[in-house]
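Coordinate inspection notes
The lines below spell out each chain.
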Amino acid sequence: MRKTSLEDMTIRKLGLDDDETLTREAINSYQLYKLRETVDYAKENSPYYRRHLKGLSGSTLAGLKDINCFPFTVPDDLRKNSLDFLCVSHSNVARVVTVNTTDGDITGFADTQTPLQLVALNSSGTTSEPKRLYFTEEDLELTVDFFQYGMADLVETGQRVLILMPGDRPGSVGDLLVKGLERMGVEGRVHGQVVNPSETIKEIIDFKADCLVGIPAQLLELIRHSDARNVPPGTVKSILLSTDYVPAAVVREVQKIWYCPVFNHYGMTETGLGGGVECRALSGYHLREADLYFEIIDPETGSPRPDGELGEIAFTTLTRKGMPLIRYRTGDLARFLPEPCPCGTVLKRMEKVRGRLGSTVSLGGGKSLSISDLDEAIFPVPAIMNYRAGVSGRKGNEILDISLHVIPGAERHAVSSVLEALLELKTIREVFGESRLILTGVVNDRSIRPSRGTAKRTISDSREMND
Ligand SMILES: [Zn+2]
């Protein structure tokens, strides 16, 4: 099996010759050097890190493990002080990304040319300032470079990629991906998020897209649309999914209709859009280790988790100039896979993200429910295109309300199949039972579709707080 293309990128960025073998030791010493450099650079140029890292410096790091002496950076720090993170003058900022949800959703940004203009609140009802991230031209170039290498296992010269993500503006994810693909002789075209599946399918056919890049729930909607079978067999040869939890049902469905591999990508605005991508073994992301240092930590104590154990992903940027981040907590849950990848690389491998901290609704008695639990139960039902879920009522007497976006004509059957699937989940059976579970099947409710900017779905929680 071909080794992940990220290995070529890492070899180049470490300054090794093409015929030199990449070793774990070489990566570790490069990362240690870059961590020291980043700490000193951030302390020198960012008012936030000057305060936050008082008494610490690059020389505190005798080895990679010493990163544990450094405090974490949390998303709230970014919300409150984003300008204090900036290490360059405004004239060197090539792009400002505003993330107007509580998570690090890479499609959840609005471009703003003026850093002073603040946008929107998240939809969960809690007011929180958006996060703003500043990138220099050099920073954007790093992303283009990662996209070029990251896509090399999916497509080859002469092929075409249809991008089902935003890309209208310079520096947006679609725009940078098109640039990365161009460098490998691949034509990328930005279609934008899936709003009308028929139109998207028509463009896949007209453009003869060899590869699609998109968001899991939107891809499921596409592939379950009756027009999906009009795509000539063998047209779509690979799919890359990003930005949200990837339910197993989505992958199975793609394989059933289009017979092509589905690659997972991990990244968010804070990682510089790209973070890690699967190789042809399709068994966990290889990480962008030349630009990012990843850790898996205990979400409660912050101490490092041994390889193989589940925890929260934290990362430090190693090459970012505009706004370096040190031990940034992502809220995403995953684990490093200690076994070597079948592709034989020395790059680390991270298992598919399991979900997000805070995306879980706590139901008391140690029970909780996450959107990924619901995804795995609901999406296997064939007539489901998408859904929206919310918990309401009083604590201890909750109601779970789910609106299902269903293929026309299948409403009744879909609702009963989903009910059956949900009652198989112990938590749902015990906490809600049939009596406090409301299921509605609707055919054409656009509001169930992820709107622009909220592609990362959550269970809304509108419970009365007084119990
Ligand atoms: Zn691999």
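A brief report on the enclosed structure follows. Remember, predicted model here, so these are calculated numbers, not experimental data.

The next subject is the packing of aromatic side chains. Scanning the model with the defined rule gives eight aromatic pairs in all. Consider the rings of Y48 and Y49, whose centres lie 4.9 Å apart with planes at 75°: the pair is edge-to-face. In this structure Y49 comes out as buried when scored by relative accessible area, which is 0%. The rings of Y48, Y49 and F85 are connected pair by pair, giving a single aromatic cluster. Its end group placed over the ring of Y41, K321 keeps NZ or CZ at 4.6 Å from the ring centre. The ring of F336 has K348 sitting right over it, with the charged end atom 4.3 Å from the ring centre.

Bringing the coordination of the zinc ion into the picture now. At this site the zinc ion is bound by C279 (SG), H286 (NE2), C341 (SG) and C343 (SG), with donor distances of 2.1 to 2.3 Å. Classification of the site at the zinc ion rests on its four donor atoms, whose angles at the metal span 107 to 112°, yielding the label tetrahedral.

Per the stated rule, a full pass over the model turns up 29 salt bridges. In this structure, E7 and K3 form a salt bridge, with 3.3 Å as the shortest nitrogen-oxygen distance. Note that R51 is salt-bridged to D84, the shortest N-O span being 3.1 Å. Placement of the pair is R51 in helix α3 (residues 47-52) and D84 in helix α4 (residues 75-85), with a sequence separation of 33 residues. You can call R51 partly exposed: its relative accessible area is 47%. Among the charged side chains, a network of salt bridges with common partners joins K13, R288 and D291.

What counts, and at which threshold
- Residues numbered from 1 in each chain as written.
- Predicted model: local features only at pLDDT ≥ 70, side-chain atom pairs only at ≥ 80, totals over all residues.
- Heavy atoms only, no water.
- Phe/Tyr/Trp six-rings, centres within 6.5 Å; stacked < 30°, edge-to-face > 60°.
- Buried < 20%, exposed > 50% of the residue type's maximum accessible area, 1.4 Å probe, protein only.
- Lys NZ or Arg CZ within 6 Å of the ring centre and 35° of its normal.
- Donors = N, O, S within 2.8 Å, 3.2 Å for Na, K, Ca; no water.
- Tetrahedral: all angles 85-135°; square planar, octahedral: opposite > 155°, others 65-115°.
- Salt bridge = Lys/Arg side-chain N within 4 Å of Asp/Glu carboxyl O.
- Helix = DSSP H or I, 4+ residues; strand = E, 2+ residues; numbered from the N terminus.

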